[in-house]
Amino acid sequence: MINQGLTSEEAAKLLEQFGKNEIISGHKIRPLEIFISQFKSFLILILFIAAILASLAGEKLDTIVIIVIIVLNSIFGFIQEYRAEKAIAALKHMVVTRVRVIRDGKEIEINTVDLVPGDAFIIEEGQKIPADGKLVEAVNLQLNEASLTGESLPVSKKVNESEEDDKFFIFMGTIAEKGKGMAIVTATGMKTKFGKIASLLKDIKEEPTPLQKHLDVLGKQLGIIAVFGAILVFGFGFLHGGEILETMLTGASLAVAVVPEGLPAIVTITLAVGVQRMSRRQSIIRKLSSIEAIGSVDVICSDKTGTMTKNEMIVRKVWVDGQTFDVEDEKLNNKGFAQLLRIGILCNDASILEENGKLTILGDRTEGSLLVLAKEKGVNIKEYKGKGSAIEEFPFDSSLKRMSVVWSEGSKKEIYVKGAPEIIISRSTKILSDGKLTDLDTSEKKKLSKVVEDLAGNGFRLLGFGYKEFKGEPDKIGRDEVEKDLIFVGIVAIADPPRDEVKEAIKLAKNAGIKVVMITGDNPLTAKAIGAEIGLIEGNEKVISGDKLEKMSQPELEKTIRDIKIFARVTPEHKLRIVKAFQAKGSTVGVTGDGVNDAPALKQADVGLSMGIIGTDVAKEASDMVIADDNFASIIKAVEEGRVIYENILKSIRYLLACNAGELIAILGAVAIGFPSPLTPIQILWMNLVTDGLPALALAGDPKAHDTMNRPPRNKSVPILTILGKKFIITVGVILATATLVTFIVFLKFDELEKGRTVAFTILVLGQMVVAFLVRKGEKWNSNRLLLVAVLATVILQIIILITPALHSIFDVVPLI
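Residues numbered from 1 in each chain as written. Predicted model: local features only at pLDDT ≥ 70, side-chain atom pairs only at ≥ 80, totals over all residues. Heavy atoms only, no water.

## Let's talk about the pattern of salt bridges
The tally for this structure, following the rule as stated, stands at 33 salt bridges. Asp522 is the salt-bridge partner of Lys304, the closest N and O atoms lying 2.8 Å from each other. Of the two residues, Lys304 sits in the loop between strand S9 (299–303) and strand S10 (314–320) while Asp522 sits in the loop between strand S21 (515–519) and helix H19 (524–533), which places them 218 residues apart along the sequence. Taking the relative accessible area as the measure of exposure, Lys304 reaches 2% and is therefore buried. For Asp522, a relative accessible area of 5% puts it in the buried group. (Salt bridge = Lys/Arg side-chain N within 4 Å of Asp/Glu carboxyl O. Helix = DSSP H or I, 4+ residues; strand = E, 2+ residues; numbered from the N terminus. Buried < 20%, exposed > 50% of the residue type's maximum accessible area, 1.4 Å probe, protein only.)

## Describing helix H12 (residues 365–376)
Between the first and last C-alpha of H12 there are 16 Å, a value that for 12 residues agrees with the 16 Å anticipated at 1.5 Å per step. Within H12, nine of the 12 residues are buried, which leaves it mostly tucked inside the rest of the structure. Among all positions of H12, only Thr366, Glu367, Gly368, Ser369, Leu370, Leu371, Val372, Leu373 and Ala374 are buried. The residue sitting at the N-terminus of H12 and contributing the capping side-chain oxygen is Asp364; that oxygen lies 3.0 Å from the backbone nitrogen of Thr366. Within two residues after H12, Gly378 carries a phi angle of roughly 85°, on the positive side. (Expected span 1.5 Å × (residues − 1). Polar contact = N/O pair within 3.5 Å; in protein donor to acceptor, adjacent residues only side chain to side chain.)

## Section: the environment of Ser369
Mapped onto the elements of the fold, Ser369 is located in helix H12. In the structure, Ser369 is positioned 59 residues away from Lys310 in sequence and 13 Å away in space, judged by C-alpha atoms. When neighbours within four sequence positions are excluded, Ser369 is seen to be in contact with Met313, Ile314, Val315, Ile361 and Ile494. (Contact = heavy atoms within 4.5 Å.)

## A few points about the packing of helix H25 (residues 632–672) against helix H30 (residues 753–774)
Packing of H25 against H30 brings their axes to within 10 Å, and their N-to-C directions diverge by 155°. In terms of orientation, H25 lies roughly antiparallel with respect to H30. Note on packing geometry: the crossing formed by H25 with H30 is right-handed. For the pair H25 and H30, contact is made by Tyr655, Ala658, Cys659 and Glu663 and by Leu764, Gln768, Met769, Val771 and Ala772, respectively. Along the lines of polarity and charge, the residues of the contact of H25 with H30 split into seven nonpolar, one polar and one charged. (Axes fitted to C-alpha atoms, helices over the stretch in contact; angles between N-to-C directions. Parallel < 35°, antiparallel > 145°, perpendicular 65-115°, else oblique. Left-handed = near helix turned anticlockwise from the far one by under 90°. Nonpolar A, V, L, I, M, F, W, Y, C, P; charged D, E, K, R; others polar.)

## Re the pairing of S21
Regular strands place side chains that alternate from one sheet face to the opposite one. In terms of burial, S21 is a largely internal element, five of the five residues being buried. Burial along S21 is two-sided: the face carrying Lys515, Val517 and Ile519 and the face carrying Val516 and Met518 are both buried. In this structure, S9 lies alongside S21, joined through five bridges in parallel fashion. Across the sheet, the residue bridging to Asp303 is Ile519, located in S21. Pairing of S21 with strand S23 (residues 564–568) involves two bridges; the strand directions are parallel. Paired with Met518 across the two strands is Ile566, which belongs to S23. (Pairing = 2+ DSSP bridges.)

Have a look at this one:
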C-alpha cells in the first residue's frame with residue numbers, strides 16, 4: 001500500500017474533511033483595536049489639550065475644527081497601520097515549503113499545506129517535518145525535537161509498527177538533522193502536537209528594525225523639544241502681555257507641529273510596501289530589519305552551485321578505463337562504465353519523475369543528473385533498484401565530501417561510494433580498468449590527479465566513484481572503516497553553466513562598492529574557471545581551498561580575507577569562519593546558504609540569504625531573506641531595492657523635520673521679539689495633517705535615484721541625524737522661517753495682522769512644497785508622479801481655503817485681493 005500511496009481522489013476527499021495542513025495564527029488583525037490605538041499617541045494628547053484650551057477661550061469653531069482634525073488624523077493613521085499590518089501578516093504565507101509524497105503509485109512533490117492523513121511522505125536531511133506521522137522507513141534518522149520538548153540533543157528514530165512509543169513517530173515542526181526516511185501522516189494542522197501547543201500561544205511580535213529604534217529615540221528627543229518650545233512660547237507670550245489661554249493654545253499647537261507623529265506610520269508602511277515590492281523581485285523578507293541591512297552590505301558571500309550557476313546538472317564527460325569519453329560516444333559501453341552507472345544509481349537519494357515525456361528531478365540535481373544519464377543509456381532504474389536493498393547508508397557529509405550505501409543483492413554485499421574525486425582516489429587501493437583490478441599506486445594516483453585537474457580546469461563539476469565487496473555488519477565496524485580500501489571506478493564531469501544574468505549582476509555589485517566572494521564545495525580549478533567566466537576574477541585574485549583555510553588561524557584569515565575572491569572545497573564550518581573574518585574587518589556581510597550546516601553562518605551574517613528552490617527548511621528558518629529563484633542576480637536586485645527603500649524613508653523624515661523646523665523657528669522667533677504668532681493654532685494643525693503628511697507619503701514611494709547602485713554602501717555606524725543631514729534641516733528651517741517672519745512683520749507694520757498671517761501661512765505651505773522637491777537631491781522633478789499629485793492637491797486645497805469665504809473663519813485667513 002505504501003508503494004502506491006493515496007489516490008488523488010482519496011487525497012482530495014481527505015483534504016476537504018481535515019482541511020489545510022497549516023497552523024492557524026492566534027494573532028488576528030483587529031481593525032477596531034488599531035483604530036482605538038490611534039487615540040493613545042502623544043499627538044492626540046496634545047490635540048485634546050488644545051481643544052480644551054480653545055473651548056475655555058470661547059473659540060467654539062476652533063474647538064470643533066481641532067476635534068475634526070483629531071478624527072481625520074486617527075482615520076489617516078488607522079488606514080496606514082491597517083495596510084502595514086496586512087502586508088506584514090502576508091509575510092508568513094510567502095515562503096511555500098514542498099514535500100515529496102507517494103500518490104497514485106508515483107513520487108511527486110506537493111505543497112506541505114496539501115498533506116492529508118494517510119499520505120506517505122519522504123523525509124530528507126534538513127527538512128522541517130511537515131506533519132505528525134508514523135515511521136515506515138528510517139535510515140540513520142535523527143530528529144531535533146527542541147521546538148516541542150526544549151531538548152537540543154537529536155533523538156534517534158526507528159521503525160516499529162506494533163509499538164506506540166514516541167521514538168517510532170515524528171512530529172510537525174521538528175527538524176531532520178541526519179539521515180532519511182518515510183512516514184505515514186497521522187495528523188495535520190491544528191490536530192498535530194505542534195498545533196495543539198500553538199493554539200495556546202500568541203504570535204511573537206515583529207522586532208522593530210534598527211531604523212525604527214533610532215527614530216523612536218529621535219521621537220522622544222523631539223517630544224522634549226516640543227514641550228520645551230511650548231513652554232518658551234507661553235513664557236514669551238506671557239511676558240509680552242498676551243492672553244494666557246491664547247498663548248497656551250499657541251504653545252500646544254507648536255508642540256503638535258514639532259513632533260512628526262506621522263513618521264512611525266510612514267516608516268512602517270514604507271517597509272511593508274517594500275516587502276511586497278521585493279517579493280515581486282524574487283526576494284522574500286522574513287524579518288523587516290533585513291530590508292535595512294541588505295541595503296548596507298559591502299560583502300556578499302555566495303554559493304556557486306545553483307546561485308551563480310543554473311543548477312542544470314548535465315553529465316557531459318565520463319572518465320573510465322583510463323580514457324575520457326563524451327557521454328554520446330558509442331564506445332562508452334564497457335564494464336567500467338556499467339559499474340559506474342550502478343554506483344550512481346544505488347548510491348543516490350534523488351529520484352526522477354517522467355510526465356508527458358519530460359523528466360523532473362526530485363531531490364539533489366547533481367544526483368539527479370546521474371539518474372538521467374542512466375535513463376538515457378536505457379537503464380530501467382526502478383527494476384534495477386528492485387533487485388536488492390540498502391542495508392546501511394551513510395549520507396553525504398560536507399566535511400568528509402562523500403556518501404555511501406551498503407547494498408545487498410542475493411548473497412552478495414557491496415559498498416558503493418561517491419564524492420569528491422580526490423577523496424575517493426585517496427581512499428582507494430585498486431582501480432577497475434578494462435574489467436580487471438590492478439593496484440592503485442602513487443604514480444597512478446598522480447595520473448588521476450592530472451585527469452581531475454584537466455576536467456576541473458574546464459569548469460566541470462566532478463564526482464568520483466568507488467566500491468568494494470563487503471563482509472560483516474557496517475554498524476559494528478564504523479563509517480571510516482567501511483569507506484576505505486576501495487576500488488576506484490571512474491569520474492563523471494557535470495556541466496553546470498553560469499546563469500546568463502550573473503556577469504552583469506557582479507559588475508553592478510562592483511560599481512555599488514560590494515565585494516562578491518564565491519564559496520563552493522567544488523574543486524578550486526572548477527571554481528576558478530567559473531569565476532573567470534562570470535567576471536568574478538580578472539587578475540591574480542586569490543583562490544583558497546578548504547585544506548589551506550584549515551591551517552590558517554582566525555587572525556591570519558582576517559589579515560588576508562580582503563584579497564580572496566574564491567573559497568573552494570570548503571565546509572559549512574569554514575563558511576562561518578569566513579563570515580566572522582569579514583565582520584571583524586568591519587564589513588556588513590550577506591551570505592547565502594541552503595544546507596542544514598549552513599544555519600550557523602546564515603545566523604551569524606548581517607543578512608542570511610537562503611535559497612527558495614534548493615534550500616532546506618533549516619536554512620530558511622535561520623535566514624533573514626529567502627531568494628525565491630536561487631538567482632545571484634536577485635540578491636543584487638534585493639540590495640538595490642533595500643537601498644531605495646531606506647533612502648526613501650530618509651527623504652520622508654528629512655522633509656518632515658525640515659518643515660517642522662521652519663514652523664518652530666518662525667513661531668519662536670516672532671514670539672521671542674514680542675510679536676504675535678505668525679500662525680494660528682488651526683493653521684499649524686492643518687499643515688501638520690496635510691502639508692506634512694501627503695508629500696511625506698509620496699516621497700516614501702520615490703523611484704530609485706539615478707546613482708543608487710553607483711554609490712558605496714551606507715556606513716551603519718553613522719548617527720541617524722548625520723545621515724538625515726542636520727545642516728540641510730537647519731538651513732531649510734531657517735530659510736522657511738525667515739521668509740515667513742519677514743513677510744509677516746512687513747504686514748504688521750501696516751497693522752494688517754490677519755492679512756500678514758494669511759500670507760505667512762501661504763508662504764510656509766508653498767515653501768514646504770518646494771522642500772519636497774529639494775530633499776530628492778537632483779532627481780528629475782517629474783519622475784515621482786505621486787509627489788506631483790500630492791503637491792498639486794496641497795496647492796489646490798490652499799487656493800480653495802483662500803478663495804472660499806466659508807473657510808476663512810475656520811482657517812483664520814482673509815482675502816488677499
